[in-house]
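# Structural characterization, general
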Amino acid sequence: MAALVGTEDLSGYLAVISEEGGPRSLSVPLVHGVSIAHLDDRDIVHINRRGYVRTVIRNQSVSNSLFATDRCNSLCLMCSQPPRETDDRAKVAELTRIVGLMDPATKELGITGGEPTLLGEGLLEIIATCKARLPNTALHILSNGRRFWYSSYARKLAAVEHPDLMVGIPVYSDIDSLHDYVVQAKGAFDETIIGLQNLARFDVPVEIRVVIQRHTAPRLPELAEFIYRNLTFASHVAFMGLEITGFAKANLDQLWIPPEDYRVGLEAAVTRLATAGLNVSIYNHPLCSLPESLWSFSRQSISDWKNEFPPECEPCEVRPSCGGFFAWNLNHPQACKVRPVTTESLRSTAS
């Protein structure tokens, strides 16, 4: 993306975007009347045939992701991106094109969906393109892991030999039927666990993600023990707060549990895994919702464009290191209870 309106040579450009008007005659399509104040050089936008402009890569952001597909083979109760059956046959070409336009200095890039592995060999092509065009970029794939039940697919992913790849896969319970209920897919637990083990077998780093909600919260210590005994090869384990959008918003009454109701179990789970030497983090929780003993595990994990703080956070002294809130969670009073942390409140807690 570059500022360009006028009579300049447009060779190499696919379109022109203008906040106001533009020359009547251009050799490429002109989209006008569009705000571009938020765009920087090397940002990448997608323009459809109706003139709709969508920013797909923000060059200065560390929260960029490639959206692989709307399709998914699970139907998780709290899915933030409800799946749709769409024709994604053009996605591989689109995403490899985007990768080719990206700044090689990009530090991190995600691949998400839907379920990216449903692109089959196409996902491997995207990853190989990332390796070739963005050799210094850490790549993180969000997957339900079920397609890696096929060892041949896990082997092919490993064969790409991406130098900095991680696959994030959710495990919601140590009980198979409970995991299957959360993802609304019978047999998913077995497929996911075998998928994780296949990836480990071929030395593909994996991250285990646990979204905490009313169904998963009661067995966090047991799940931690299961992870320790069966998935010790995991490079990272993340316990995550609920993002109230998509299906989570629709199913909130049956999913929501206040953080204070699972503090003890979360502390036990995190401590168990950390003591065993695993790399553990807590995502999507403001610090005031956690016991102070867990603050060192809390990460500022919410993407910058989703992250907000309510006015009540103004006096908080730990806000600079706080994970904050999903912007849409602030629309739900039960999800944005704030207890500003001050020197005085810490003294009161200690006493």
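To keep things clear, this report deals only with the structure shown in the data block.

It is possible for side chains bearing opposite charge to pair when their charged atoms get close. Across all of its chains, the model carries 14 salt bridges by this definition. Here E94 makes a salt bridge to K91, at a shortest N to O gap of 3.7 Å. Separated by three residues within a single helix, E94 and K91 lie in helix α1 (residues 91-101), roughly one turn from each other.

Turning to the packing of α1 against helix α2 (residues 121-133), a few remarks are in order. It is the contact of α1 with α2, at a shortest axis distance of 9 Å, that shows an interaxial angle of 10°. Our classification of the angle between α1 and α2 gives roughly parallel. On the side of α1, the interface is formed by V92, L95, T96, V99 and G100, while α2 contributes G122, E125, I126, T129, C130 and R133. Grouping the constituent residues of the contact of α1 with α2 by class yields five nonpolar, four polar and two charged.

With that settled, consider helix α3 (residues 151-160). Looking only at α3, the buried set comprises Y153, A154, L157, A158 and V160. The arc enclosing the buried residues of α3, seen along the axis, measures out at 150°, which places them on a common side. Check the buried side of α3 and you find it contacts α2, β8 (165-170) and α5 (188-201). Of the residues flanking the end of α3, it is E161, one or two places downstream, whose phi is positive at about 55°.

Turning to the sheet that holds strand β7 (residues 138-142), a few remarks are in order. The sheet built from seven strands is open, its strands ordered β5-β6-β7-β8-β9-β10-β11 with parallel pairing. If you trace the sheet from one side to the other, it starts and ends with β5 (65-67) and β11 (280-283), each paired once. Each neighbouring strand pair of the sheet contributes to a mean axis angle of 20°, computed without reference to strand direction. In terms of strand pairing, strand β6 (residues 108-112) meets β7 through four bridges, oriented parallel. In the strand pairing of β7, L109 is matched with L139.

Reading the values: rules and limits
Residues numbered from 1 in each chain as written. Predicted model: local features only at pLDDT ≥ 70, side-chain atom pairs only at ≥ 80, totals over all residues. Heavy atoms only, no water. Salt bridge = Lys/Arg side-chain N within 4 Å of Asp/Glu carboxyl O. Helix = DSSP H or I, 4+ residues; strand = E, 2+ residues; numbered from the N terminus. Axes fitted to C-alpha atoms, helices over the stretch in contact; angles between N-to-C directions. Parallel < 35°, antiparallel > 145°, perpendicular 65-115°, else oblique. Contact = heavy atoms within 4.5 Å. Nonpolar A, V, L, I, M, F, W, Y, C, P; charged D, E, K, R; others polar. Buried < 20%, exposed > 50% of the residue type's maximum accessible area, 1.4 Å probe, protein only. Arc of directions from axis to C-beta. Pairing = 2+ DSSP bridges.

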